[in-house]
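# What the coordinates show
The residues making up each chain are set out below.
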Amino acid sequence: MFKFGRKREKFYFVADIGSEVLKTIILKANRSEVTVNNKLVTQNSLIYITPTGDTQAQSLYLLRQVPEKLTLPGSEGSFTVGISQPIPIDLKFNFLIIN
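Residues numbered from 1 in each chain as written. Predicted model: local features only at pLDDT ≥ 70, side-chain atom pairs only at ≥ 80, totals over all residues. Heavy atoms only, no water.

## Considering the sheet that holds strand S3 (residues 22-27)
Hydrogen bonds between backbone groups are what pair the strands of a sheet, and the pairing can be parallel or antiparallel. Spatial ordering of the open sheet is given by S3-S8-S5, a layout of 3 strands whose pairing is antiparallel. Of all the strands in the sheet, the pair left with one neighbour each is S3 and strand S5 (46-51). Direction aside, neighbouring strands of the sheet carry axes that sit 30 degrees apart on average. Bridge count for S5 against strand S8 (residues 91-98) is 6 bridges, and the pairing is antiparallel. Paired with threonine 50 across the strands is asparagine 94, a residue of S8. (Pairing = 2+ DSSP bridges. Helix = DSSP H or I, 4+ residues; strand = E, 2+ residues; numbered from the N terminus. Axes fitted to C-alpha atoms, helices over the stretch in contact; angles between N-to-C directions.)

Next up, the structure:
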């Protein structure tokens, strides 16, 4: 469910989204990538990644985006998030998928 509205000339957006669309993931310490399986990933999905803590000067980026194969039973879409150099602490980030 999406709602658009105006309140005192400021626009706001309200969305009713499920846990498959917005979630927090952890990239474990000393790793450079993590793959997230998600049935909502398509070839045209926009996947937004936001770190929620210290990244130790590393930038998170989308390495791969694999759409679900509807013709292959049991397949699920996925995306992989990475950093250039592993860091010694767990790195939490949120993702948002927009189709």
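Here the narrative resumes.
## Regarding a nonpolar patch on the surface
Taken together, the side chains of Leu46, Tyr48 and Ile98 present a nonpolar region at the surface, about 270 Å² in accessible area. Structurally, the position occupied by isoleucine 98 is in strand S8. (Patch = residues over 30% accessible without salt bridge, like charges linked within 9 Å, V, L, I, M, F, W, Y side chains within 5 Å. Areas by Shrake-Rupley, 256 points an atom, 1.4 Å probe, with all protein chains shown as cover. Salt bridge = Lys/Arg side-chain N within 4 Å of Asp/Glu carboxyl O.)

## Focus: the sheet that holds strand S4 (residues 33-37)
Strand order across the open sheet formed by 3 strands is S4-S7-S6, with antiparallel pairing between neighbours. Two strands bound the open sheet, and with one partner strand each, they are S4 and strand S6 (61-66). Pairwise comparison of adjacent strand axes, ignoring direction, gives a mean angle of 20 degrees for this sheet. Examined bridge by bridge, S6 and strand S7 (residues 78-82) share 5 bridges and lie antiparallel to one another. Across the sheet, the residue bridging to glutamine 65 is phenylalanine 79, located in S7.

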